[in-house]
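# Examining the three-dimensional arrangement
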Amino acid sequence: MLVFDENIAEWVTSVEESMSKYTVEFKGTKEGVTIYCQESAGFEEILLDLAARLRQRAVFFGQSKVRIDVGGRQLTEAEQERLADVLAQNSKLVLAGVQTSATRPAEASLARRRGETAELKLENCKEGRSIVIKRTLRSGQSVHYPGNVIVLGDVNPGAEIVAEGDIFVYGTLRGIAHAGRSGDRSASVVALRLAPTQLRIASVISRAPDESSLPNQPEYAYISEDRIMIAAVNTK
Amino acid sequence: MGAVIVITSGKGGVGKTTTTANLGVGLAMLGEKVVLIDADIGLRNLDVVMGLENRIVYDLVDVVEGNCRPKQALIRDKRYDTLFLLPAAQTRDKNAVTPEQMKKLCAELKEEYDYILVDCPAGIEQGFRNAIAGAERALIVTTPEVSAVRDADRIIGLLEAADLGDPKLIINRLRPDMVKRGDMMDIEDILEILAIDLIGVIPDDEKIIISTNRGEPVVANDNGSLSGQAYRNIVRRVRGESVPFLQLYKNSSIFSRLKKIMGLSG
Ligand SMILES: Nc1ncnc2c1ncn2[C@@H]1O[C@H](COP(=O)(O)OP(=O)(O)OP(=O)(O)O)[C@@H](O)[C@H]1O
Ligand SMILES: [Mg+2]
């Protein structure tokens, strides 16, 4: 999936350079495609260009989700419908929404640097202080930290990590991990091998199943609907 | 200049005293001058295992309190004349000795002896702190049980904190039949958690109990027992030799892994 996104982004970069005579500009993101409309261009011109560009590249985009960024314009309902029509007639793209420069997500201005392969979504980024522990935590040892905790080693049974932020274990987590201890329900616990005695995120507690084998791939734990869920970290 | 080695475990009853006695006798059999210190004050039994109980006059507390010189308190072994025991006091408690006193005593003894083996009491309190105070090397004894391994892990952490790094692991009372059935932790499972070097694996063996009751450590018995052989191998590894591991059960992958860990492969 990510590979596909990167292709779009690369393609967009090359297009930006060579074909800037167009009044619409395509940008690939992880979430799909955003089409930017040139501020100075007239609406009819944009519709024409859009139709042409879509026909050229429809196969490439497939059924991605698309947002159309109309910049400072205030479109009437009729104009919005015409945009949607052009899209539907010339591609299989799914219109996810129309945005203006005012409603544009903050990341739109990010990642415009050359050579960037995919746009980073700011809302997926979390900033905060972290501590890196470059050794194995053994039984009876515990780390309490008002931020993220990163362990380069194992966390053995009987050891404990309590973090206000996220917990990352580059090793096997067998002890107790408590992420988001001050109530951050978006906190997660990641480990190369996740086999904790007990996991806590915010105020949700779960314990290891009584019979469980050690996974041999990285996993992460997060809260979903008041329960702690475990999922594989997709490294592809 | 000798080496001071503490034999410790965290959990009680896993074989510290048995190991101290066997390593002491084994080292003395190879001509080393050895002192065994029973640091388990109030619960002494190294003297019983060595069959020397009836010869005790002075003990560890007498030495640190200055009631006698260290040499006066040392009991020479019945069979090996380079082997000595410094017994624990039975009627005092662990607070009768301080870590500083132990440090001083060990420093003094290693001037004259090749190996000072300290039999550590169970637990992580004062007795443990005394026992490790003068040591520069540590052997950790565990049995293949989850609780014993957990305590060994705790001890390794405490030793690290005390700057007593690179301890070696002895796995005691392994039962190959149970491991094969999947009813006992495997060597590999234990090493995966503790992640320290293995220096020996001793099978569960009734000969140990018999020899302990007789006050004649199994290491000296030439009766073909696997446990005796296992202890003799550990003795040689303690002296710095590399000795292949005993094949306690057939599982080539485990033993090739062990050899890798010990750097003995190839
Ligand atoms: N490999 C073995 N096979 C069979 N019995 C054993 C083995 N090792 C130790 N034992 C027995 O287990 C018991 C406990 O051993 P030992 O006294 O050496 O443990 P310890 O760790 O010193 O105990 P404590 O913590 O009380 O000082 C003894 O009865 C001993 O004979
Ligand atoms: Mg003992």
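What this report covers is the structure whose coordinates are included nearby.

Each value, and the rule that gives it
Residues numbered from 1 in each chain as written. Chains lettered and ligands numbered in written order. Predicted model: local features only at pLDDT ≥ 70, side-chain atom pairs only at ≥ 80, totals over all residues. Heavy atoms only, no water. Pairing = 2+ DSSP bridges. Helix = DSSP H or I, 4+ residues; strand = E, 2+ residues; numbered from the N terminus. Axes fitted to C-alpha atoms, helices over the stretch in contact; angles between N-to-C directions. Salt bridge = Lys/Arg side-chain N within 4 Å of Asp/Glu carboxyl O. Buried < 20%, exposed > 50% of the residue type's maximum accessible area, 1.4 Å probe, protein only. Contact = heavy atoms within 4.5 Å. Buried area = accessible area lost by both parts, 1.4 Å probe. Polar contact = N/O pair within 3.5 Å; in protein donor to acceptor, adjacent residues only side chain to side chain. Nonpolar A, V, L, I, M, F, W, Y, C, P; charged D, E, K, R; others polar. Patch = residues over 30% accessible without salt bridge, like charges linked within 9 Å, V, L, I, M, F, W, Y side chains within 5 Å. Areas by Shrake-Rupley, 256 points an atom, 1.4 Å probe, with all protein chains shown as cover. Phe/Tyr/Trp six-rings, centres within 6.5 Å; stacked < 30°, edge-to-face > 60°. Near = heavy atom within 4 Å. Parallel < 35°, antiparallel > 145°, perpendicular 65-115°, else oblique. Left-handed = near helix turned anticlockwise from the far one by under 90°.

## Concerning the sheet that holds strand S13 (residues 204-207) of chain A
Residue and element names in this part refer to chain A. Judged by pairing direction, the sheet is mixed, and its five strands sit side by side in the order S6-S8-S10-S12-S13 without closing on themselves. The sheet is open, and its two edges are formed by strand S6 (142-145) and S13, each paired on a single side. Each strand axis lies, on average, 5° off the axis of its neighbour in the sheet, ignoring direction. Pairing of strand S10 (residues 176-179) with strand S12 (residues 198-201) involves four bridges; the strand directions are parallel.

## What to know about the pattern of salt bridges
Under the definition given, this model contains 21 salt bridges over all chains. In this structure, Asp-153 of chain B engages Arg-138 of chain A in a salt bridge whose closest nitrogen and oxygen atoms are separated by 2.7 Å. Taken together, the positions of Asp-153 of chain B in helix H7 (residues 146-161) and Arg-138 of chain A in the loop between strand S5 (130-133) and S6 put the pair across two chains. With relative accessibility at 5%, the residue Arg-138 of chain A sits in the buried group. Here Asp-183 of chain B ties to Arg-181 of chain B by a salt bridge, and the two come within 3.1 Å at their closest N and O atoms. On the basis of relative accessible area, Arg-181 of chain B is assigned to the exposed category, the value being 53%. A single network of salt bridges, built from pairs that share partners, joins Arg-135 and Arg-138 of chain A together with Asp-153 and Glu-160 of chain B.

## Remarks on the sheet that holds strand S14 (residues 219-224) of chain A
Residue and element names in this part refer to chain A. Judged by pairing direction, the sheet is mixed, and its six strands sit side by side in the order S5-S7-S9-S11-S14-S15 without closing on themselves. Each edge of the sheet is formed by a strand with only one pairing partner; in this case those strands are S5 and strand S15 (227-232). With direction set aside, neighbouring strand axes in the sheet form an average angle of 25°.

## Let's talk about the interface of chain A and chain B
Between chain A and chain B, the residue contacts involve twelve residues of the former and eleven residues of the latter. Regarding the contact of chain A and chain B, the summed buried area is about 930 Å², with carbon and sulfur atoms giving 37% of it. Of all residues in chain A, Arg-138, Ser-139 and Pro-157 of chain A give up the largest surface area on contact with chain B, accounting jointly for 55% of the area buried on that side. Applying the counting criterion to the chain A and chain B interface returns five salt bridges. The tally of links between chain A and chain B comes to eight residue pairs in polar contact (both at pLDDT 80 or more). Among the residues forming the side of chain A that touches chain B, the class breakdown is two nonpolar, five polar and five charged.

## Points about a nonpolar patch on the surface
A surface patch of nonpolar side chains, amounting to about 360 Å² of accessible area, comprises Val-132, Leu-152, Tyr-170 and Leu-192 of chain A. Within the secondary structure, Leu-192 of chain A sits in strand S11 (residues 189-194).

## Focus: the packing of aromatic side chains
All names here are of chain B. Evaluated as defined, the whole model comprises two aromatic pairs over all chains. With 5.6 Å between their ring centres and 70° between their planes, Phe-84 and Tyr-113 make a pair best called edge-to-face. Of this pair, Phe-84 sits in strand S4 (residues 83-86) while Tyr-113 sits in the loop between helix H5 (99-109) and strand S5 (115-119), and the two are 29 residues apart along the sequence. With a relative accessible area of 5%, Tyr-113 lands in the buried category.

## Considering the site of ligand 1
All names here are of chain B. The full set close to ligand 1 counts 18 residues, and Gly-13, Lys-16, Thr-17, Thr-18 and Asn-172 are the nearest of them. Gly-15 is positioned with one of its backbone polar atoms (N or O) 3.0 Å from an oxygen atom of ligand 1. Between an oxygen atom of ligand 1 and a side-chain N or O atom of Lys-16, the distance comes to 2.8 Å. The fraction of the free accessible surface of ligand 1 (640 Å²) that becomes covered by protein chains is 80%. When contributions to the shell around ligand 1 are tallied by element, the ones reaching two or more residues are helix H1 (16-29), strand S7 (168-174), strand S8 (197-203) and helix H10 (206-214).

## Quick look at the packing of H5 of chain B against helix H6 (residues 126-133) of chain B
Residue and element names in this part refer to chain B. At a minimum axis distance of 7 Å, the contact between H5 and H6 shows a crossing angle of 25°. When the axes of H5 and H6 are compared, the pair comes out roughly parallel. Here H5 and H6 pass one another in a crossing that is right-handed. On H6, the residues that touch Pro-99, Met-102 and Lys-103 of H5 are Gln-126, Arg-129, Asn-130 and Ala-133. Among the residues forming the contact of H5 with H6, the class breakdown is three nonpolar, two polar and two charged.

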